[in-house]
Amino acid sequence: MVIAGGSSGIGYSSAERFIKAGVRRIALLSKDPGRGADARNRLLALPTASVGDMQVHHVPFDATDTSSVEDAVGEAHQLLGGLDAMVNSISSPYTPELLFKTSLHDIPAILAAQAIPPMLLSRAALPYLTEGGGGSIVNVASDAAKAATPGETVLGAAMAAITMFTRTLAAEGKRNGIRANILTPSLIAGTPTTDRAMSGGFSKKLFEKAAPLANLGVASADDQGALVVFLCGPGAARLTGQAISVNGGISLM
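Residues numbered from 1 in each chain as written. Predicted model: local features only at pLDDT ≥ 70, side-chain atom pairs only at ≥ 80, totals over all residues. Heavy atoms only, no water.

**Focus on the nonpolar core**
Let me state the cut-off plainly: We call a set of buried Ala, Val, Leu, Ile, Met, Phe, Trp, Tyr and Cys residues a nonpolar core when their side-chain atoms join them within 4.5 Å. Any residue under 20% of the maximum accessible area for its type is buried, any over 50% is exposed, and the rest in between are partly exposed; the area is computed with a 1.4 Å probe on protein chains only. Runs of H or I in DSSP of at least four residues are treated as helices and runs of E of at least two as strands, each being numbered from the N terminus. Contact criterion: two residues are considered in contact whenever any of their non-hydrogen atoms come within 4.5 Å of each other.
Core analysis: the biggest nonpolar cluster contains 27 residues, and Met1, Ile3, Phe18, Ile19, Ile26, Leu28 and Leu43 have the highest contact counts within it. Taken together, the elements giving at least two residues each to this core come down to helix 1 (9-20), strand 2 (25-30), helix 2 (33-44), strand 4 (85-88), strand 5 (135-140) and helix 8 (221-232). Per element, the largest residue contribution to this core is six residues, and it comes from helix 8. Setting aside chain neighbours within four positions, we find Ile19 in contact with Arg24, Ile26, Leu43, Leu46, Thr48, Ala49, Met54 and Val56. Membership of the second largest hydrophobic core comes to 23 residues, among which are Leu29, Ala72, Leu121 and Ala170.

**Some words on the pattern of salt bridges**
Threshold: The salt bridge criterion pairs a side-chain nitrogen of Lys or Arg with a carboxyl oxygen of Asp or Glu, the two atoms within 4 Å.
Applying the stated criterion across every chain, the model contains two salt bridges. Between Arg17 and Asp222 there is a salt bridge, and its shortest N-O distance comes to 2.9 Å. In this pair, Arg17 sits in helix 1 while Asp222 sits in helix 8, placing the two residues 205 residues apart along the sequence. With its nearest N and O atoms 3.0 Å apart, the salt bridge here joins Arg42 to Asp38.

**A look at the packing of helix 1 against helix 8**
In helix packing, the relevant descriptors are the interaxial angle and the interaxial distance, both defined with respect to the helix axes. In plain terms, the rule: Only the stretch in contact is used when a helix axis is fitted, and all axes are lines through C-alpha atoms; the angle between N-to-C directions ranges over 0 to 180 degrees. Roughly parallel here means an angle under 35 degrees, roughly antiparallel means over 145, roughly perpendicular means 65 to 115, and every remaining angle is called oblique. Put simply, a crossing is left-handed when the front helix is turned counterclockwise from the back one by less than a right angle, and right-handed when it is turned clockwise. Gly falls in the polar group here, along with every residue not listed as nonpolar (Ala, Val, Leu, Ile, Met, Phe, Trp, Tyr, Cys, Pro) or charged (Asp, Glu, Lys, Arg).
Viewed as axis vectors pointing N to C, helix 1 and helix 8 meet at an angle of 55 degrees, and their least axial separation amounts to 8 Å. Compared by their axis directions, helix 1 and helix 8 come out oblique. Like other packed secondary-structure pairs, helix 1 and helix 8 cross with a definite hand, here right-handed. Residue-level inspection shows Gly9, Ile10, Ser13, Ser14, Arg17 and Phe18 of helix 1 in contact with helix 8, the latter providing Ala221, Asp222, Gln224, Gly225, Ala226, Val228, Val229 and Cys232. Its residues placed into classes, the contact of helix 1 with helix 8 shows seven nonpolar, five polar and two charged.

**Remarks on the pairing of strand 4**
Stated formally: Strands qualify as paired when DSSP identifies two bridges or more between them. Looking down the strands as they point away from you, a crossover is right-handed if its path from the first strand over the helix to the second goes clockwise.
Burial along strand 4 is two-sided: Ala85 and Val87 and Met86 and Asn88, pointing in opposite directions, are all buried. One ladder, built from three bridges, connects strand 1 (residues 2-4) with strand 4; its direction is parallel. Residue pairing in the sheet places Ile3 in a bridge with Val87 of strand 4. Sheet analysis places strand 4 next to strand 5, joined by four bridges and oriented parallel. Across the sheet, the residue bridging to Val87 is Val138, located in strand 5. Of the crossover connections in this fold, the one passing from strand 4 over helix 4 (residues 107-131) to the parallel strand 5 is right-handed.

**Observations concerning helix 8**
For the record, the criterion: Multiply 1.5 Å by the residue count of a helix minus one, and that product is the helix's expected span.
Counted at 1.5 Å a residue, the expected span for helix 8 with its twelve residues is 16 Å, and the 17 Å between its end C-alpha atoms agrees. Among all positions of helix 8, only Ala221, Gln224, Gly225, Leu227, Val228, Val229, Leu231 and Cys232 are buried. For helix 8, the elements touching its buried residues are helix 1, strand 4, strand 5, strand 6 (178-183) and strand 7 (243-244).

**Some remarks on the packing of helix 1 against helix 2**
Interaxial distance between helix 1 and helix 2 falls to 10 Å at its minimum, and their mutual angle equals 25 degrees. One way to sum up the angle between helix 1 and helix 2 is to call them roughly parallel. Here helix 1 and helix 2 pass one another in a crossing that is right-handed. Residues Tyr12, Ala15, Glu16 and Ile19 of helix 1 form the contact with helix 2, whose participating residues are Ala39, Arg42 and Leu43. Residue classes in the contact of helix 1 with helix 2 are distributed as five nonpolar, no polar and two charged.

The following block contains the structure:
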């Protein structure tokens, strides 16, 4: 089990859920060695982590650098002695803004930072999943891939790119027993991304309007982690190429 972006948010919550479900070998991939080590220690301190031969590793890497991604996934594979699932929850700092207020020169960098990491990580994992007889890839995008939302013009394009990339990967990978699905959350309570979006400006107004639409409650990172574990497990053995939203009802599209 490899979780990219596992030091906070959906990635960390997914790791917690995997450990509680009985997974004994996890590699966390993230940029900051300090935060990665802290996440590793917190996971190893979980009551269920003390049962059996638990392994949690942290591998620092740069999710936008092809060589770094390739080396990190290879190292994780070696540390774990195999690879059967990859969860890509890399997030790049981004605050929704109307397109006419977005600098023309910023658009390529926004697209690259948001869309490229899960593509690189998925590609790096493919040989190891194939070698092991199959497995699961879960890429995290957002509801911006499905619903046209003011302020998320460029972000929506990046999320749609991740979604179509993953669906096509599912079509290619099924012959080798590889499943690929997409998690498309909306507002997630208690995460750095949501805190940043709610700090002010247009994005604050946007999400303040969105929150009341979550009649089932604004989803948490743990809610997302529960679905990630299901998508990687035997209960989802026939499920691939799907983009699934856990959003409390904010968007039903």
